[in-house]
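The primary structure of each chain is shown beneath.
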Amino acid sequence: MIRLRGLTVRVGGFTLEDISFEVPSGGYGLVIGPSGSGKTTLLEAVAGHVRPLRGRVELHDADVTTLPPERRGVGFVYQRYYLFPHLDVRENIRYGLAAGPLDPAAQADRVRELASLLDITPLLDRSIHQLSGGETQRVALARALAPRPAVLLLDEPFAAVDPATRQMLRRELRTIHAREKVTTLQVTHDFDEALRLGDVVAVLAEGRVAQMGRPDEVFRYPNSAFVATFIGTGTVLQGEVTRLAGGSTESPFAARFDSGPFSLEVVAEREGMAHAVLRPEDLMLSREAVPGSARNRLTAVVQRVERVGPISYVHLDAGRPLTAAVTSASADELGLAPGANVVVTVKATAIHLV
Amino acid sequence: MTPKDSLPPAAPSPKPPPLPWARLGLAALGALLVLFVVGPLLRLLLLATPASLGEALGDAELRTSIGLTLGTATAATLLAAAMGIPLAYLLARGSFRGRRLVEALVDLPVVIPHPVAGIALLLFLGRHSLVGGTLARVGLEFVSHVPGIVAAMLFVSAPILVSGAREAFRSVDPRLERVARSLGDTPAAAFRRVTLPLASRGILAAAILSWARSVSEFGAIVILTYNPQVASVLIYDRFTTLGLPAAVPAALVLLAVALAVFGLVRVLQPADHR
């Protein structure tokens, strides 16, 4: 388990303020935040490379706040990996075993085991200068896992590899995580990664935790316009909530949300200024108005269609920019092309107010 | 998608080549300087006939002098390394108060004319000074003794070793040390297993340059210890008392040592520093 309690760290220009976060034993936690939000510094504080001003770091119920890095049992993989350039692949992986309890034969066994797990056996005798980005990443991961750390810290581990390798590595990382049962904390700026990998996610904004929870919860219910915008949940509109006449007096109640050219039916918990989050997958597109009463209907013009495999993101102008996600098949069926007129419908219950 | 993916491709920055006549002029100026450096050395090397080399090798006084020079330069380099490598690491990694001041002080000898350094050392280490007098009582005499040569060499060459080693340590990313620490190394083990091996080439190159600086020192040594004579003093002595032809064989031998060291340093330095 990784538990941060009120951690405050100041390094150079970064300040992390009052960070509290917990990754359960064997879990996979993600910290996401824009570049420069202090994510690497957070990992370095967990690993013991920077001293916190306040707060505590607990790893598996032991308070390690004052322990030096070598006594924390933490594996650390930096974004740029930092393989030791004067050692070959095998020596890099074995590095952390030298100070441990294993005899040389057992060390060699552990290196072979990790090499086969990560599919890098043929690389063992190579110089690290001959490795591709993906191979370098695997070697760095093997090196960090070799001493069987209680906790694995990953700093943007997929940032330096191409997208195809990234997908494969992500899948493998999940497998390896399950197999080695190592509690993992990864930082990333990519919410997609959180959705695919994480059991628990914390969103960092300006040095503080803006929101934490299960990734799908954070994705469905961002608690602020910042989180919604940052994780790319959809279109965020600023406007005003007004209770509908004759609507329920209890919470939640039927209401109207006015934002510029839009007047949408919503289900709200309070009146006044608010942000509405329109998720791409909740916007339904048709060429003509479909029958049905309790739906919000907007007319829009297609600006651009962005195809991502089976899903197409349709960028619309409805007086305001909107983005809808449809299957690529229905995009073809509807003849969605720049300039096409469409009707956008969205259920009142699908509009998330923050 | 990472932000990187969405960046537009960098626009090529067109840089017009200099006009032909301008390039020619620049090349001519550069060539003049190169000739000015190479010419005199070639002129001296042309005197390296079997006869002159035989004369140099048969000269017992010259052989003793060369031996003394190499020995004292080695001693000065070892002393500079013993004290300077730890200092270089502190300067590269530490964020202590007065770091910049210490850095400036270590580099100071570089701008001091060497006879001035000799005078200062003479005042500091002479028999009638506090430090020199105290050391003389325990049997360590500097002026007109071998330790004086080593002291003069150390003074002028230590800055080269310290600044070179400092840059070598700086070129090792501290995150490599952090990775080593997370893999179970104490700070001392991380230094021994990662930092030192990675900085060793740079440190060795700095030590050789510092050694070469000691071998070529004249101005400070001649004031502190004229006799026994190191090679540079011997060359000067023969030139002033016996004339140019007598100085040439000794000069040739010293030039050969310098060229060998130069070649060694070029080999040791990583390609991007050449």
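Since the structure is predicted, the reported quantities are computational estimates derived from the model, not experimental observations.

Draft legend 1. Expanded view of the overall build of chain A. When you go through chain A residue by residue, the secondary structure sums to nine helices and 20 strands. Each principal axis of the C-alpha distribution contributes one length, and for chain A these read about 75 × 45 × 35 Å.

Draft legend 2. Highlighting the overall build of chain B. Counting secondary structure elements, chain B contains 13 helices and zero strands. Referenced to the eigenvectors of the C-alpha coordinate spread, the extents of chain B come out at roughly 80 × 60 × 30 Å. By residue count, 33% of the 274 residues in chain B fall in the buried class. Within chain B, residue pairs in contact and separated by at least 24 positions form 75% of the contacts whose partners lie at least 6 positions apart.

Draft legend 3. Representation of the environment of A:Arg307. All names here are of chain A. Tracing the backbone through its elements, the reader meets Arg307 in strand 16 (residues 295-308). Under the C-beta neighbour-count criterion, Arg307 is labelled exposed, with 12 such atoms within 10 Å. Placed 157 residues apart in sequence, Arg307 and Ala150 show a C-alpha to C-alpha distance of 42 Å. What Arg307 contacts, discounting residues up to four positions off in sequence, is Ser312 and Ser328.

Draft legend 4. Broad picture of the interface of chain B and chain A. Listed per partner, the contact involves 16 residues of chain B and 19 residues of chain A. Taken together, the elements giving at least two residues each to the side of chain B that touches chain A come down to helix 9 (174-182) and helix 10 (187-215) of chain B. When residues in the side of chain B that touches chain A are grouped by element, the largest group, six residues, is from helix 9 of chain B. Here the residues of the side of chain B that touches chain A are counted per class, giving seven nonpolar, four polar and five charged.

Draft legend 5. Structural detail: the confidence of the model for chain B. All names here are of chain B. With 91% of its residues at a pLDDT of at least 70, chain B reaches an overall mean of 88. The spread of mean pLDDT over the elements of chain B runs between helix 1 (residues 3-6), the lowest at 41, and helix 8 (residues 146-170), the highest at 96. Taken together, the stretch residues 1-11 has pLDDT below 50 and engages in three contacts with residues farther than four places along the chain or on a different chain.

Draft legend 6. Layout of the nonpolar core. With 104 residues, the main nonpolar core has A:Val46, A:Ala142, A:Leu153 and A:Val344 as its most contacted residues. Sort the elements by how many residues they give to this core and helix 4 (residues 133-145) of chain A lands first, with six residues. Those residues within four positions of A:Leu153 in sequence are excluded, and the remaining contacts are A:Leu43, A:Val46, A:Ala47, A:Val74, A:Gly75, A:Phe76 and A:Leu185. Of all hydrophobic cores here, the second largest spans 54 residues; its members include B:Leu125, B:Ile223, B:Val230 and B:Ile235.

Draft legend 7. A look at the packing of helix 6 (residues 114-125) of chain B against helix 8 of chain B. Residue and element names in this part refer to chain B. Relative to each other, helix 6 and helix 8 sit at 125°, their axes nearing to 10 Å. It follows that helix 6 is oblique to helix 8 by the angle criterion. For the pair helix 6 and helix 8, the sense of crossing is right-handed. Of the residues in helix 8, those in contact with His114, Ala117, Gly118, Leu121 and Leu125 of helix 6 are Ala151, Ala152, Phe155 and Val156. Residue composition of the contact of helix 6 with helix 8, by class: seven nonpolar, two polar and no charged.

Draft legend 8. Molecular detail of the sheet that holds strand 20 (residues 352-353) of chain A. Residues and elements named next belong to chain A. Strand order in the open sheet formed by five strands is 13-12-11-14-20, with antiparallel pairing between adjacent strands. At either margin of the open sheet sits one strand with a lone partner, and together these are strand 13 (262-268) and strand 20. Note that strand 11 (residues 235-243) and strand 12 (residues 253-259) share four bridges and pair antiparallel. Along strand 12, the bridge assignment pairs Glu240 with Asp258.

Draft legend 9. Highlighting the sheet that holds strand 4 (residues 54-59) of chain A. All names here are of chain A. Pairing is antiparallel in the open sheet, where four strands are placed in the order 2-1-4-5. Each end of this open sheet is capped by a strand with a single partner; those strands are strand 2 (14-23) and strand 5 (62-63). Where strand 1 (residues 2-11) lies against strand 2, seven bridges are found, and the strand directions are antiparallel. Along strand 2, the bridge assignment pairs Leu7 with Ile19.

Draft legend 10. Focus on the environment of A:Val290. Residues and elements named next belong to chain A. Mapped onto the fold, Val290 is located in the loop between strand 15 (284-286) and strand 16. Looking at Val290, the number of C-beta atoms within 10 Å reads 11, which means it is exposed. Linking Val290 and Val343, residues 53 residues apart in sequence, is a C-alpha distance of 8.5 Å.

Draft legend 11. Representation of the pairing of strand 8 (residues 183-188) of chain A. Residues and elements named next belong to chain A. Most of strand 8 is tucked away, with six of its six residues classed as buried. Here strand 3 (residues 28-32) pairs with strand 8 via five bridges, running parallel. Opposite Val31, over in strand 8, you have Val187 as the bridge partner. The pairing of strand 7 (residues 151-155) with strand 8 spans five bridges and is classified as parallel.

Draft legend 12. Inspection of unusual backbone geometry at higher detail. All names here are of chain B. For the bond from Asn227 to Pro228, the omega torsion is -5°, close enough to zero to count as cis. Following the sequence through the fold, Pro228 ends up in the loop between helix 11 (219-224) and helix 12 (231-242). Even without glycine at this site, Ser144 takes up a positive phi of about 65°. Topologically, Ser144 is positioned in the loop between helix 7 (130-137) and helix 8.

Reading the values: the criteria
- Residues numbered from 1 in each chain as written.
- Chains lettered and ligands numbered in written order.
- Predicted model: local features only at pLDDT ≥ 70, side-chain atom pairs only at ≥ 80, totals over all residues.
- Helix = DSSP H or I, 4+ residues; strand = E, 2+ residues; numbered from the N terminus.
- Buried ≥ 20, exposed ≤ 12 C-beta atoms within 10 Å, placed from the backbone.
- Contact = placed C-beta atoms within 7 Å.
- Nonpolar A, V, L, I, M, F, W, Y, C, P; charged D, E, K, R; others polar.
- pLDDT = per-residue confidence, 0-100.
- Core = buried A, V, L, I, M, F, W, Y, C linked by C-beta atoms within 7 Å.
- Axes fitted to C-alpha atoms, helices over the stretch in contact; angles between N-to-C directions.
- Parallel < 35°, antiparallel > 145°, perpendicular 65-115°, else oblique.
- Left-handed = near helix turned anticlockwise from the far one by under 90°.
- Pairing = 2+ DSSP bridges.

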